[in-house]
Amino acid sequence: MAKKKRRDMEEEIIGEIIDDIVIDKVEDGDKPQKNSFNGLEGEIVDDFILDNHDADAEPKEHDGLLLELAAAKELNALYMDKIRHQAAEFENYRNRTSKELGQIFDKGVREVVSALLPIIDNFALATKNADKSNSYAAGMLMIQSQLHTMLENLGIQKIPSVGETFDTKYHSAVSHIEDESLGEGVVAEELQGGYMYKDTIIRHAVVVVAN
C-alpha cells in the first residue's frame with residue numbers, strides 16, 4: 001500500500017520542478033518502482049526539472065551536470081549574500097567616516113577662528129575712528145575687510161547685537177544703561193563682537209543693555 005502511494009506521488013512529480021525533496025535510495029531486494037530518478041538516488045534535487053523517463057533506463061550523461069548546476073546555484077547564492085553584506089558594511093563605514101571627517105573639519109574651523117578673533121578685535125579698535133582719506137588707515141580697513149570675507153567664506157556668522165533684543169543665547173551683558181529712546185532689554189552698545197559657526201557659538205557678543 002505504501003509503495004503504491006509512493007509510486008502515485010512520483011508519477012505526479014515526474015517532469016515537474018522539485019525543490020529540496022529527498023529521493024530515497026532503493027532498498028536491497030525491493031523492486032525499483034520509479035523511485036530512482038535518472039540515477040539521482042538519495043540526493044537532494046534543488047530547483048531543476050526531472051525529465052520523464054523509463055524507470056529501468058540508464059542514467060543520462062547530463063545528470064551529473066544538473067547536480068553541478070544545482071551546487072553552483074547554491075554557491076552563487078551564498079556569494080551574492082556575502083557581497084550584499086559586505087556592501088552594506090562598506091556603506092555604513094563610508095557614512096561613519098564622512099560624519100567623523102565633517103566633525104573634525106568643524107572643530108578645526110572653530111579653533112582657527114577662536115585664535116583669529118583677538119586679531120580681528122584689534123583691527124576693529126584700530127579702525128574704529130580711522131580717517132579713510134589716510135592711506136595707512138585705508139590699508140588697515142582693506143585688511144579688516146579681507147578678514148571678514150574670510151570668515152564669511154568659512155561659514156562664520158557675526159552675531160547681530162546693537163538694536164536687537166538681549167538674548168542670553170547670543171549676548172553677554174556687562175552693564176546696563178537708561179535710555180528712553182530704546183526699548184526695555186534692547187542692546188545699546190557692542191563692546192566685543194560675537195561669532196557663531198553653524199549652530200555653535202564661538203564667542204558671545206559682549207554688550208551693554210538698555211533699561
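Read on for an overview of the structure.

Rules behind the numbers
Residues numbered from 1 in each chain as written. Predicted model: local features only at pLDDT ≥ 70, side-chain atom pairs only at ≥ 80, totals over all residues. Heavy atoms only, no water. Helix = DSSP H or I, 4+ residues; strand = E, 2+ residues; numbered from the N terminus. Buried < 20%, exposed > 50% of the residue type's maximum accessible area, 1.4 Å probe, protein only. Contact = heavy atoms within 4.5 Å. Areas by Shrake-Rupley, 256 points an atom, 1.4 Å probe, with all protein chains shown as cover. Phe/Tyr/Trp six-rings, centres within 6.5 Å; stacked < 30°, edge-to-face > 60°. Core = buried A, V, L, I, M, F, W, Y, C linked by side-chain atoms within 4.5 Å. Pairing = 2+ DSSP bridges. Axes fitted to C-alpha atoms, helices over the stretch in contact; angles between N-to-C directions. Salt bridge = Lys/Arg side-chain N within 4 Å of Asp/Glu carboxyl O. Left-handed = near helix turned anticlockwise from the far one by under 90°. Nonpolar A, V, L, I, M, F, W, Y, C, P; charged D, E, K, R; others polar.

### A few points about the overall build of the chain
Phase 1: Broken down by element type, the chain carries three helices and eight strands.
Phase 2: When the helices and strands of the chain are listed from N to C terminus, the series reads α-β-β-α-α-β-β-β-β-β-β.
Phase 3: Out of the 211 residues belonging to the chain, those deemed buried represent 24%.
Phase 4: The long-range fraction of contacts in the chain, counting pairs at least 24 apart against all pairs at least 6 apart in sequence, stands at 56%.
Phase 5: A total accessible area of about 14,900 Å² is found for the chain, and carbon and sulfur atoms account for 54% of it.

### A closer look at the packing of aromatic side chains
Phase 1: Per the stated rule, a full pass over the model turns up one aromatic pair.
Phase 2: Relative to Tyr93, the ring of Phe90 lies with its centre 6.5 Å away and its plane at 40°, an arrangement referred to as tilted. With Phe90 and Tyr93 both in helix H2 (residues 63-126) and three residues apart, this pair spans about one turn of that helix.

### Re the nonpolar core
Phase 1: Counting 12 residues, the largest nonpolar core consists of Val109, Val113, Leu117, Ile120, Phe123, Met140, Leu147, Leu151, Ile156, Tyr195, Tyr197 and Ile202.
Phase 2: Contributing elements (two or more residues each) for this core: H2, helix H3 (135-153) and strand E6 (195-197).
Phase 3: Top contributing element to this core by residue count: H2, with five residues.
Phase 4: Not counting the four nearest positions on each side in its chain, Met140 is found in contact with Phe123, Ala126 and Thr127.

### Looking at the sheet that holds strand E5 (residues 187-192)
Through backbone hydrogen bonds, the strands of a sheet pair up, either in parallel or in antiparallel fashion.
Phase 1: Strand order in the open sheet formed by three strands is E4-E8-E5, and the pairing between neighbours is mixed. Only two strands of the sheet have a single partner each, and these edge strands are strand E4 (171-177) and E5. Averaged over all neighbouring strand pairs, the angle between strand axes comes to 30°, with direction disregarded.
Phase 2: Pairing of E5 with strand E8 (residues 205-210), which is carried by four bridges, proceeds in the antiparallel orientation. Looking across to E8, one finds that Glu189 is bridged to Val208.

### Some words on the pairing of strand E7 (residues 200-203)
Phase 1: As paired elements, E6 and E7 share three bridges and run antiparallel to each other. Paired with Tyr195 across the bridge in E7 is Arg203.
Phase 2: Between the antiparallel neighbours E6 and E7 lie two residues, among them Lys198 with a positive phi of about 55°.

### Some words on the pattern of salt bridges
Phase 1: Within the structure shown, the criterion is met by four salt bridges.
Phase 2: With its nearest N and O atoms 2.5 Å apart, the salt bridge here joins Glu91 to Arg94. With Glu91 and Arg94 both in helix H2 and three residues apart, the pair spans about one turn of that helix.
Phase 3: Accessibility expressed as a relative area gives 45% for Arg94, which makes it partly exposed.
Phase 4: Among the salt bridges present, the one from Asp106 reaches Lys198, with a minimum N-O distance of 3.2 Å. Taken together, the residues span a long stretch of sequence, with Asp106 in helix H2 and Lys198 in the loop between E6 and E7 at a distance of 92 residues.
Phase 5: Residue class for Asp106 comes out buried when judged on its relative accessible area of 15%.

### Some words on the packing of H2 against H3
Phase 1: Direction vectors running N to C along H2 and H3 enclose 150°, while the axes themselves pass 10 Å from each other. Seen from above, H2 lies across H3 with left-handed handedness. In this structure, H2 contributes Val113, Leu116, Ile120, Phe123, Ala124 and Ala126 to the contact, and H3 contributes Met140, Ile143, Gln144, Leu147, His148, Met150 and Leu151.
Phase 2: Its residues assigned to classes, the contact of H2 with H3 shows 11 nonpolar, two polar and no charged.

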